[in-house]
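What follows is the residue order along each chain.
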Amino acid sequence: MDTIASLFAFITTPVSWIIVQFHKVFGAIFGPDTGWAWGLSIVSLVVLIRICLIPLFVKQIKATRNMQALQPKMKAIQERYKSDKQRQSEEMMKLYKETGTNPLSSCLPILAQSPFFFALYHVLSNIASGKPIGAMNQTLVDSAREAKIFGAPIAAKFMDSPEKVEALGATLLDVRIVTAVMIVLMSASQFFTQRQLMMKNVDLSVKTPYMQQQKMLMYIFPVIFAVMGINFPVGVLVYWLTTNVWTMGQQMYVINQNPTPGSKAQDSYLQRLLKSATAHGEIRSRRHKAVVKAIVAKGSDRNENERRFIGALAKAGLAAQADGTVVKSDAAIAEAEGTAAPKRQQPKRQTKAQRQAGAQQAKSDEAVEETAEESAGEAAQDTQPKTSLEKKPETPAKGGSQGGGRSRASSGGSRQRKGQQRPKHPSSKK
């Protein structure tokens, strides 16, 4: 670890100078040689660094979401070019370039604060050895070396020998109790931070290998911190515990205010937004209007949480507009109260047996109709000639034959009799 810390020696002077400036402030309040003055100086160093890293944290959030959204496409590329690793890498880089995603962006905050972390470790190591470093002269080094946090010197470690701990003016039991508590808190905060990210801010509708990797890291990272923590000085444990708590709070704020689409956090966020909109009858915040505007613009591409939100607005008699506002809608109120015109229902699909039964019934009805029509035609044939004889008595035979022909033609004009036709008698031809 000393070798790694020496690589970042170029930043030890700025880090030590920042600690000295904060120590002047807190030393005037709590006393220059107290653990509170030096401990709060380290905490203030963390806060200052994390404030400067907020832009990188925003990029990390965006990169993480982009990676989650790209997981299905990445999996498709891996399956398509399973046997060609070079083509697979080329397609992956092409996908990253088209979507503007950088896989390393999710690691930017950790990479950016690594130099400060190792520089602080290097400063505390020199304090434990009683050597001046950077902006800290011998007087400040001696003051920091004697400062204790709950009875443990800020330069002491969990694995230090009793002789080294006694040289710092403390007991081994105090050092190990304080360091053990800090290691547990540090690991627990790391686990909770990763857990709230996985349980609340991940789209559960998409199952990808990325989610499995994140679940593994949720358990691996706390173990790594616990193993490394026994070799960290108390001051470094204060630094790392503070940065973990900051990350946890910062992530909690982001999850509550800007959740990942399709996640449980988004569902909770939209429920709060729905409650506010129904209570006031409008969307007041500009940020909330932007959220509603984005949901409306998605149209049919909305996820389940967003569809429920739009449906709940309709039940409350409100309709979301394209500009992010909501207005009262008579149609939505009527639909919610059940007074709207009933929608046309599609006929139920019949089973095969029902269709066959219907076809047989139709054939039976057709046969009955044919029999009725034939009977009507024969009756008309028998009665029509008599009517012709009464009207034209001078030509009974001719009129009767013509009347019968017309009757048969009229009865069968709309529909011909099925089956083979009877041939005409040869004597009828002239």
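Residues numbered from 1 in each chain as written. Predicted model: local features only at pLDDT ≥ 70, side-chain atom pairs only at ≥ 80, totals over all residues. Heavy atoms only, no water.

Below, the discussion takes up empty space enclosed by the protein. Applying the stated criterion to the full structure yields 1 cavity of 30 Å³ or more. Roughly 40 Å³ of volume is contained in the largest cavity. Lining the largest cavity, in full, are Ile-19, Trp-38, Ile-42, Leu-120, Val-123, Leu-124, Ile-127, Met-136 and Ile-154. When residues of the lining of the largest cavity are traced back to their parent elements, those giving at least two are α3 (35-52) and α6 (108-129). No other element matches α6, which puts 4 residues into the lining of the largest cavity. (1 Å grid on protein atoms, 1.4 Å probe; cavity = no way out; pocket = protein on both sides within 12 Å on 5 of 7 lines; lining within 4 Å. Points joined across faces, edges and corners; volume = space filled by probe spheres on them. Helix = DSSP H or I, 4+ residues; strand = E, 2+ residues; numbered from the N terminus.)

Examined against the element boundaries, Gly-134 turns out to sit in the loop between α6 and α7 (138-146). On the accessibility criterion, Gly-134 (48% relative accessible area) is partly exposed. Here the alpha-carbon distance between Gly-134 and Val-123, two residues 11 residues apart in the chain, equals 8.1 Å. Each residue touching Gly-134, except ones within four places of it in the same chain, is listed here: Thr-13 and Ser-16. (Buried < 20%, exposed > 50% of the residue type's maximum accessible area, 1.4 Å probe, protein only. Contact = heavy atoms within 4.5 Å.)

If you look at soluble globular proteins, the nonpolar side chains tend to sit buried side by side. Core analysis: the biggest nonpolar cluster contains 47 residues, and Trp-38, Met-136 and Tyr-239 have the highest contact counts within it. Those elements giving two or more residues to this core turn out to be α2 (12-30), α3, α6, α7, α9 (172-200) and α11 (234-257). Counting residues per element, this core draws most heavily on α6, which supplies 9 residues. Filtering out sequence-adjacent residues up to four positions away, Met-136 remains in contact with Ser-16, Val-20, Trp-38, Val-123, Ile-127, Val-141 and Ala-144. Within the second largest apolar cluster, 12 residues are counted, among which are Ala-277, Ile-283, Leu-318 and Val-326. (Core = buried A, V, L, I, M, F, W, Y, C linked by side-chain atoms within 4.5 Å.)

In this section: the packing of aromatic side chains. Applying the stated rule across the entire model yields 5 aromatic pairs. Put simply, the rings of Phe-30, Trp-36 and Phe-150 pair up and form one aromatic cluster. Here the basic side chain of Arg-176 rests over the ring of Phe-158, its NZ or CZ set 5.3 Å away from the ring centre. (Phe/Tyr/Trp six-rings, centres within 6.5 Å; stacked < 30°, edge-to-face > 60°. Lys NZ or Arg CZ within 6 Å of the ring centre and 35° of its normal.)

Moving on, we get to the environment of Ala-155. The residue Ala-155 is located in the loop between β2 (152-153) and α8 (162-167) in this model. Given the relative accessible area of 2%, Ala-155 is considered buried.

If you want to describe how two helices pack, look at the angle between their axes and the distance between the axes. Contact pair α9 / α11: the axes reach a minimum separation of 9 Å and the direction vectors enclose 20 degrees. With respect to α11, the axis of α9 lies roughly parallel. Crossing angle aside, the handedness with which α9 passes α11 is left-handed. The segment α9 lies against α11, with Thr-179, Met-182, Ile-183, Leu-185, Met-186, Ser-189, Gln-190, Phe-192, Thr-193, Gln-196, Leu-197 and Lys-200 engaging Val-234, Leu-237, Val-238, Trp-240, Leu-241, Asn-244, Thr-247, Met-248, Gln-251, Met-252 and Ile-255. Its residues assigned to classes, the contact of α9 with α11 comprises 14 nonpolar, 8 polar and 1 charged. (Axes fitted to C-alpha atoms, helices over the stretch in contact; angles between N-to-C directions. Parallel < 35°, antiparallel > 145°, perpendicular 65-115°, else oblique. Left-handed = near helix turned anticlockwise from the far one by under 90°. Nonpolar A, V, L, I, M, F, W, Y, C, P; charged D, E, K, R; others polar.)

This part takes up the packing of α3 against α11. Here α3 crosses α11 at 40 degrees, and the two axes come no closer than 9 Å. Here α11 runs oblique to α3, going by the angle between their axes. By crossing handedness, the relation of α3 to α11 is classed as right-handed. Counting all contacts with α3, which are made through Gly-39, Ile-42, Val-43, Val-46, Val-47, Ile-49, Arg-50 and Ile-51, the residues of α11 involved are Gly-235, Val-238, Tyr-239, Thr-242, Thr-243, Trp-246, Thr-247 and Gln-250. Split by residue class, the contact of α3 with α11 holds 9 nonpolar, 6 polar and 1 charged.

Moving on, we come to the confidence of the model for the protein. The predicted coordinates of low-pLDDT regions are not to be read in fine detail. On average, residues of the protein carry a pLDDT of 76, and 70% of them reach 70 or more. The secondary-structure element of the protein with the lowest mean pLDDT is helix α17 (residues 396-412), recorded at 45, while α2 shows the highest, at 91. (pLDDT = per-residue confidence, 0-100.)

With that settled, the discussion passes to the side chain of Ser-16. Topologically, Ser-16 is positioned in helix α2. Once you skip the residues sitting within four places of it in the chain, Ser-16 turns out to touch Val-123, Ile-133, Gly-134, Ala-135 and Met-136.

Counting through the fold element by element, Ala-277 comes out in helix α12 (residues 264-280). You can call Ala-277 buried: its relative accessible area is 0%. Each C-alpha atom of the pair Ala-277 and Ala-316 lies 9.4 Å from the other, and the pair is 39 residues apart in sequence. The contacts of Ala-277, once residues within four sequence positions are left out, are Glu-282, Ile-283, Leu-313 and Leu-318.

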